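Structural overview for review
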Amino acid sequence: TRELAEGRGYSALFQDVASINSYLQADDETYALFKTLQQRDPALARQCYYYVEGLLVKKGEYELCLSYLGDPQSRFESSRRMWDMEKQRYQREQQFRQAHPSPAGVPGPLDRTREADKRFVGNVTQLIDILVGAGHKADAEKIRDQAVALLDDARLKSAVSDAEKRNQQRSLRTGNP
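Just so you know, these numbers come straight off a predicted model, no measurement behind them.

**Digging into the layout of surface pockets**
In this structure, the largest pocket spans a volume of roughly 660 Å³. If you go around the largest pocket, you meet 26 residues; those closest to its centre are Tyr-50, Glu-53, Gly-54, Leu-55 and Gln-126. Breaking the lining of the largest pocket down by element, the ones donating at least two residues are α2 (11-23), α3 (27-40), α4 (42-58), α6 (72-99), α7 (109-133) and α10 (159-174). Per-element accounting of the lining of the largest pocket gives the leading share, 8 residues, to α4. Of the residues in the lining of the largest pocket, the class split is 9 nonpolar, 10 polar and 7 charged.

**What to know about the pattern of salt bridges**
Tallied over the full model, the rule gives 14 salt bridges. The shortest N-O distance in the salt bridge between Asp-28 and Lys-59 comes to 2.4 Å. In this pair, Asp-28 sits in helix α3 while Lys-59 sits in the loop between α4 and α5 (62-69), placing the two residues 31 residues apart along the sequence. Asp-28 sits in the exposed class, given a relative accessible area of 52%. Glu-141 is the salt-bridge partner of Lys-137, the closest N and O atoms lying 4.0 Å from each other. Remark: Glu-141 and Lys-137 occur in helix α8 (residues 137-150); sequence separation between them is 4 residues, near one turn of the helix. When its relative accessible area of 28% is taken as the criterion, Glu-141 is described as partly exposed.

**Topic: the packing of α4 against α5**
The description of two helices packed together rests on the angle between their axes and the distance between the axes. The N-to-C vectors of α4 and α5 enclose an angle of 145°; their axes lie 10 Å apart at closest approach. Relative to α5, the crossing made by α4 is left-handed. Residues Ala-45, Arg-46, Tyr-49, Glu-53, Leu-56 and Val-57 of α4 lie in contact with α5, whose contacting residues are Tyr-62, Leu-64, Cys-65, Ser-67, Tyr-68 and Leu-69. Of the residues that constitute the contact of α4 with α5, the class distribution is 9 nonpolar, 1 polar and 2 charged.

Criteria and thresholds
- Residues numbered from 1 in each chain as written.
- Predicted model: local features only at pLDDT ≥ 70, side-chain atom pairs only at ≥ 80, totals over all residues.
- Heavy atoms only, no water.
- 1 Å grid on protein atoms, 1.4 Å probe; cavity = no way out; pocket = protein on both sides within 12 Å on 5 of 7 lines; lining within 4 Å.
- Points joined across faces, edges and corners; volume = space filled by probe spheres on them.
- Helix = DSSP H or I, 4+ residues; strand = E, 2+ residues; numbered from the N terminus.
- Nonpolar A, V, L, I, M, F, W, Y, C, P; charged D, E, K, R; others polar.
- Salt bridge = Lys/Arg side-chain N within 4 Å of Asp/Glu carboxyl O.
- Buried < 20%, exposed > 50% of the residue type's maximum accessible area, 1.4 Å probe, protein only.
- Axes fitted to C-alpha atoms, helices over the stretch in contact; angles between N-to-C directions.
- Left-handed = near helix turned anticlockwise from the far one by under 90°.
- Contact = heavy atoms within 4.5 Å.

Here it is in structure tokens:
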């Protein structure tokens, strides 16, 4: 933490600190460190953003997230491509396993496909949270519709309204509209 705060850090070190802080349930320290980096070394903060995005969303820092995020549609497309690649890899694994059966207890491709779906849903719902929180509901709805067209999942279908509810609850807790 000291190395990063004093400008001698790099993104992998930030990732390690964030991971340790998460384990220690010290996310506020990661948040404070990122805010320090943002002021002292904006280029490094940009490199570290990925590791702190979820925490920034939890803190309601939607505008900040949007400033680092770039084009939301491009972010969605990136998530979709990663999801597609994972599914293709799992299909190849399934074909291989059919030709070469594995011992019992080894997770099968179906389990892994569900994991890929879960990651995709998580990535998209977080993107929707950011967009709704930053006042870009129409963009969030567009991305939700694209995601639902790819994967019929209740979490995706309700993502915009769920994000609005979370925003309202956060506003009530913090007193900020």
